[in-house]
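Architecture and fold: a report
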Amino acid sequence: MKLPSVSVVMPALNEAQNIPHVFARMPPEVHEVVLVDGFSVDGTVAVARQLRPDVRVIRQSRKGKGNALACGIAAATGDVIALVDADGSADPGEIPRFVEALMNGADFAKGTRFADGGGSADITRLRSYGNYALTAFFNACYGRNYSDLCYGFNVFWRRHAAVLGLDATSPQRPGGDGRLWGDGFEVETLIHVRVANARLIVAEVPSFEHSRIHGVSNLNAFHDGRRVLRTILIGRRRLQRPMATADPTSVPTPTASIPEFPAQAIQTALPMTAVASERSVDPP
Ligand SMILES: Nc1nc2c(ncn2[C@@H]2O[C@H](COP(=O)(O)OP(=O)(O)OP(=O)(O)O)[C@@H](O)[C@H]2O)c(=O)[nH]1
Ligand SMILES: [Mg+2]
């Protein structure tokens with residue numbers, strides 16, 4: 001049987017020291033690596049290009065990890081899209097197991113650290129409790145039986161990308177913090193809300209989360225936890241009132257194409273002061 005082509009979409013904000021470890025674990029057969037740079041100032045793009053001259057570098061349109069995923073997904077061309085963090089916590093060597101779940105009939109393969117065969121060296125006790133509670137609440141709202149809601153390693157058929165409805169091209173709002181709803185760390189929950197509302201077949205795939213190798217997390221457990229909770233609540237309202245269009249989990253219209261960085265423009269086009277700080281912004 002012919003294996004599907006896999007696009008790896010990798011959001012990266014100042015991950016120059018971690019990219020070598022992640023790329024070293026990349027299965028040789030991946031179709032493309034789409035690195036979505038968050039205006040890194042540490043040479044992330046240069047390191048990626050040096051190690052993998054074929055890497056596609058995308059410049060994100062707004063701020064936040066969620067916006068980076070939206071841009072990467074819109075730019076990907078493979079049959080399958082794998083969302084893989086660039087900090088060394090996710091092992092791209094696990095991608096074939098996710099693809100196998102898709103080949104066995106799943107529409108969407110979501111990673112889980114909390115099923116047999118999975119685990120985490122990275123999650124703190126606070127985050128673990130928070131994730132447990134949010135996962136239970138999500139399951140109660142959407143009739144699912146997931147073991148892990150807030151995990152970034154997910155793989156799905158690209159033909160379902162429209163279901164996710166991530167908005168890659170709308171401009172930032174004047175006076176806003178540079179992010180629209182879904183642009184932050186609530187993005188994984190937003191994806192799961194839309195996948196559940198579309199009744200896609202989801203397989204959980206055990207995955208081991210390693211510790212971030214270098215650098216610091218961009219996530220704030222309380223702040224981002226609140227955004228996750230709000231995403232679950234709003235998506236639930238939409239499930240009950242399917243005609244509502246004004247809430248942030250409604251699926252926007254398809255997006256235009258995403259600009260790709262020409263190789264020479266990268267170093268000069270990245271502003272040195274534009275590093276997004278997820279901690280300093282309030283939810284809308
Ligand atoms: N392009 C882009 N990537 C981002 C942004 N924020 C985070 N990322 C990337 O998204 C991935 C996950 O971010 P982390 O800061 O590791 O957050 P986390 O994995 O939830 O938290 P930890 O478990 O503490 O590492 C990493 O590859 C980051 O570099 C952003 O604003 N833009
Ligand atoms: Mg991380």
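Preceding block: the structure.
In what follows, the accompanying structure is described.

The rules behind these values
Residues numbered from 1 in each chain as written. Chains lettered and ligands numbered in written order. Predicted model: local features only at pLDDT ≥ 70, side-chain atom pairs only at ≥ 80, totals over all residues. Near = placed C-beta within 6 Å. Nonpolar A, V, L, I, M, F, W, Y, C, P; charged D, E, K, R; others polar. Buried ≥ 20, exposed ≤ 12 C-beta atoms within 10 Å, placed from the backbone. Helix = DSSP H or I, 4+ residues; strand = E, 2+ residues; numbered from the N terminus. Pairing = 2+ DSSP bridges. Core = buried A, V, L, I, M, F, W, Y, C linked by C-beta atoms within 7 Å. Contact = placed C-beta atoms within 7 Å.

What follows concerns the site of ligand 1. Neighbouring ligand 1 are 24 residues, the closest being Pro11, Gly38, Ala68, Ser217 and Asn218. When the residues that make up the shell around ligand 1 are grouped by side-chain class, the tally is nine nonpolar, seven polar and eight charged.

Side-chain alternation along strand E4 (residues 80–83) places Val80 and Ala82 on one buried face and Ile81 and Leu83 on a second face that is also buried. As paired strands, strand E1 (residues 6–12) and E4 are joined by four bridges and run parallel to one another. In the strand pairing of E4, valine 9 is matched with leucine 83.

What follows concerns the nonpolar core. One finds Val9, Met10, Val34, Leu35, Ala82 and Val155 to be the most contacted residues of the largest nonpolar core, which totals 60 residues. For this core, the leading source of residues is helix H3 (residues 65–75), giving seven residues. The contacts of valine 155, once residues within four sequence positions are left out, are Val80, Ile81, Ala82, Ile95, Phe98, Val99, Leu102 and Ala109.

Outside of glycine, negative phi angles account for most residues, and trans bonds account for most peptide bonds. You will see that asparagine 14, though not glycine, has its phi angle at about 55°, which is positive. Its place among the elements puts asparagine 14 in the loop between E1 and helix H1 (19–24). Taking the number of C-beta atoms within 10 Å as the measure of exposure, asparagine 14 has 21 and is therefore buried.

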